[in-house]
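Listed here are the chains, written in short residue letters.
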Protein chains: 2
Amino acid sequence: MPTDLSADWVLNIQSRTEATLDRMLPRADFPPQRLHQAMRHAMLGGGKRVRPLLCHATGEMFGAASAALDAAACAVELIHGYSLVHDDLPCMDNDVLRRGKPTCHVAFGEATALLAGDALQSLAFRTLCDAELQISAMRLLADAAGSLGMAGGQSLDLDAVGQSLSLQTLETMHRKKTGALIRAAVLLGAYCGKADDEDIEILSRFAATIGLLFQVVDDILDAEASTEILGKTAGKDAKDNKLTYISLLGLDAARNKAVELGRQAHAGLDHFGQRADRLRFITDYIAKREY
Amino acid sequence: MPTDLSADWVLNIQSRTEATLDRMLPRADFPPQRLHQAMRHAMLGGGKRVRPLLCHATGEMFGAASAALDAAACAVELIHGYSLVHDDLPCMDNDVLRRGKPTCHVAFGEATALLAGDALQSLAFRTLCDAELQISAMRLLADAAGSLGMAGGQSLDLDAVGQSLSLQTLETMHRKKTGALIRAAVLLGAYCGKADDEDIEILSRFAATIGLLFQVVDDILDAEASTEILGKTAGKDAKDNKLTYISLLGLDAARNKAVELGRQAHAGLDHFGQRADRLRFITDYIAKREY
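Residues numbered from 1 in each chain as written. Chains lettered and ligands numbered in written order. Predicted model: local features only at pLDDT ≥ 70, side-chain atom pairs only at ≥ 80, totals over all residues. Heavy atoms only, no water.

If you look at the biggest cluster of nonpolar residues, it comprises 201 residues, and the most contacted ones within it are Leu141(A), Leu188(A), Leu141(B) and Leu188(B). Not counting chain neighbours up to four residues away, the residues in contact with Leu141(B) comprise Ala75(B), Val76(B), Ile79(B), Phe125(B), Leu128(B), Leu181(B), Ala184(B) and Leu188(B). (Core = buried A, V, L, I, M, F, W, Y, C linked by side-chain atoms within 4.5 Å. Buried < 20%, exposed > 50% of the residue type's maximum accessible area, 1.4 Å probe, protein only. Contact = heavy atoms within 4.5 Å.)

A word on the packing of aromatic side chains. Residue and element names in this part refer to chain B. On inspection of all chains with the given rule, the structure shows 3 aromatic pairs over all chains. Consider the rings of Phe62 and Phe272, whose centres lie 6.1 Å apart with planes at 90°: the pair is edge-to-face. Here Phe62 is found in the loop between helix H3 (50–61) and helix H4 (66–87), whereas its partner Phe272 is found in the loop between helix H14 (251–268) and helix H15 (277–288), with 210 residues between them in sequence. The same class applies to Phe62 and to Phe272, which are both buried. (Phe/Tyr/Trp six-rings, centres within 6.5 Å; stacked < 30°, edge-to-face > 60°. Helix = DSSP H or I, 4+ residues; strand = E, 2+ residues; numbered from the N terminus.)

The subject of this paragraph is the environment of Pro31(B). Tracing the backbone shows Pro31(B) in the loop between helix H1 (3–24) and helix H2 (33–43). For Pro31(B), a relative accessible area of 37% gives the class partly exposed. With 225 residues separating them in the primary sequence, Pro31(B) and Asn256(B) have C-alpha atoms 51 Å apart. If sequence neighbours within four positions are ignored, Pro31(B) has contacts with Leu148(A) and His36(B).

Here we take up the pattern of salt bridges. Per the counting criterion, the structure on display carries 40 salt bridges over all chains. The shortest N-O distance in the salt bridge between Arg139(A) and Asp130(B) comes to 3.2 Å. Placement of Arg139(A) in helix H7 (residues 135–145) and of Asp130(B) in the loop between helix H6 (110–129) and helix H7 (135–145) is noted, with the two residues assigned to different chains. Residue Arg139(A) is classed as partly exposed on the basis of its relative accessible area, which comes to 27%. (Salt bridge = Lys/Arg side-chain N within 4 Å of Asp/Glu carboxyl O.)

There is a patch of nonpolar side chains on the surface, built from Leu167(A), Leu248(A) and Leu249(A) and spanning about 190 Å² of accessible area. Structurally, Leu248(A) is set in helix H13 (residues 245–249). (Patch = residues over 30% accessible without salt bridge, like charges linked within 9 Å, V, L, I, M, F, W, Y side chains within 5 Å. Areas by Shrake-Rupley, 256 points an atom, 1.4 Å probe, with all protein chains shown as cover.)

Least-squares fitting of chain B to chain A yields an RMSD of 0.0 Å, with the superposition described by an axial translation of 0.0 Å and a rotation of 180°. Given the turn and translation reported, the copies of this chain are related as if by a two-fold rotation axis. When the interface residues of chain B are mapped onto chain A, 100% of them again lie at the interface, so the same face is used by both copies. (Least-squares fit on C-alpha atoms with pLDDT ≥ 70 in both.)

Let us look at the side chain of Thr209(B). All names here are of chain B. On the secondary structure map, Thr209 appears in helix H10 (residues 197–224). At 3.0 Å, the side chain of Thr209 forms a polar contact with the backbone oxygen of Arg205. When near neighbours in sequence (up to four residues on either side) are disregarded, Thr209 contacts Leu261, Gln264 and Ala265. (Polar contact = N/O pair within 3.5 Å; in protein donor to acceptor, adjacent residues only side chain to side chain.)

Here the residue pair Pro31(A) and Pro32(A) is connected by a cis peptide bond, since its omega of -5° sits within 30 degrees of zero. Of note in the backbone geometry, Arg49(B) takes a positive phi value of approximately 60° without being a glycine. For Arg49(B), the location among the structural elements is in the loop between H2 and H3. Among the residues examined, Arg49(B) registers a relative accessible area of 3% and is labelled buried. With a phi angle near 50°, Asn94(B) is a residue other than glycine that sits in the positive phi range. Considering the arrangement of structural elements, one finds Asn94(B) in the loop between H4 and strand E1 (97–98).

Glancing now at the interface of chain B and chain A. Taken residue by residue, the interface counts 43 residues in chain B and 43 residues in chain A. In this assembly, chain B and chain A are joined by 4 salt bridges. At the boundary of chain B with chain A, the tally comes to 14 residue pairs in polar contact (both at pLDDT 80 or more). Contributions of two or more residues to the side of chain B that touches chain A are made by H2, H4, H6, H7 and helix H8 (150–160) of chain B. Among the elements that line the side of chain B that touches chain A, the one with the most residues is H6(B), at 12 residues. Its residues assigned to classes, the side of chain B that touches chain A shows 25 nonpolar, 10 polar and 8 charged. (Nonpolar A, V, L, I, M, F, W, Y, C, P; charged D, E, K, R; others polar.)

Written out as structure tokens, the structure is:
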């Protein structure tokens, strides 16, 4: 697939996602207004929409209906969005900038940000109800979000601050913290279409690989890029004494690791032939992103 | 139904709920241990289990299977439990005592309590997947929990602090804040069994009435009972300048209101004859509870 066509597709899915979220989120003038404004602040106005891209790309491979994909993609993005709101709170990362805007609690206060995150999680499951998927899809998202998935990974991350841990421990944390939801994005796309068990298994491994890739690149960007380009506070990991690929491997080895994970991800897609071209494009998009 | 048999039934459902939650919550020694300990701290070791009681009582009226009721009842209780954890956080009610124990953030720190609440919400939806209900049941719980339900009511509560508002505004807040989840408990029970549309409508009105009854009694208890009996800090509403039935109506009128709501709730159950005896018993249990 020519790169410019794929870039158009990315822009198209990003704008579909924005429009679908805009429709699914309660209006800002509907009571409780302040809560709804905070939820909209957290979800609208950009973001890379990596998870919706993965969901759509995978779903399209298996002939999924686009309405179902819109709902599934937004459900995953809502879980991601709620986690960012709670992550940014003072008792967690205490961050004031996200996507170039004040974080939710800076704009709306801590209590409202807490409730907005909570309500976004409820809305994620509400939205998934509209995708007319099986209960197994709901279970997949709930597991990806919960204590054995994303929330569990964040808990491991808390435990790891200031500790000197192994690469294996770091990857266990990331498999949960970011990997579980990225896997859910890919597999929900597959569930929306007609994927068989073998497809699901291959996609699950692919998702695990790009989940790690995403995190390695995140760590590299945090060490290298400016706050202006990132749209969030740069250099924060080192300042917060966080365990990262950089603190563990150094910058050069982390870069090599990213290249190797990108290669593995591509190899994993061979099984699907040209059908997986969009997933290949997203893999490169993740590897080469600058924010 | 003799009162002592109903009291036995209450104890039986309370202990079933405790056992089911114990089984559904990840073990305390399973990683991330600290998160799982915090989740178990929040959910186990008592509580009135009013929502599970309502769910079972309603489900039994319509021949629901007890395994489905266990799952549905625990799903609602998990939503309730997560909301208490987040409510108690310093940025919300800043409370240190709950069910006679230190609140979750006092015992485990704010960050872990935040994540524990988040993961309990995910687990609620995960648990509901096991009830083998229709998607409509999932939608009901998600709506009850979200910005148009419980989280929305809490947001209205934040807005109301220090304001002088009408009885109508207070009831709108409570219909969302506690009423939505109590309604979900009743209706999920009905969904587990074979209730028809008329049943659902009558139950929905009944649930709205006991939701308000529950809140009026809560306000009376906060004003009257001791911290020791309540298991949570008493007299906090007045201290925090909260809008309550007491601040709005005074204690005597609030007591009359409780009697009137109890009468309405009983009248609403006439349609079901003896089948609704357990719901009648729970109504009186809510009206006459001392903590």
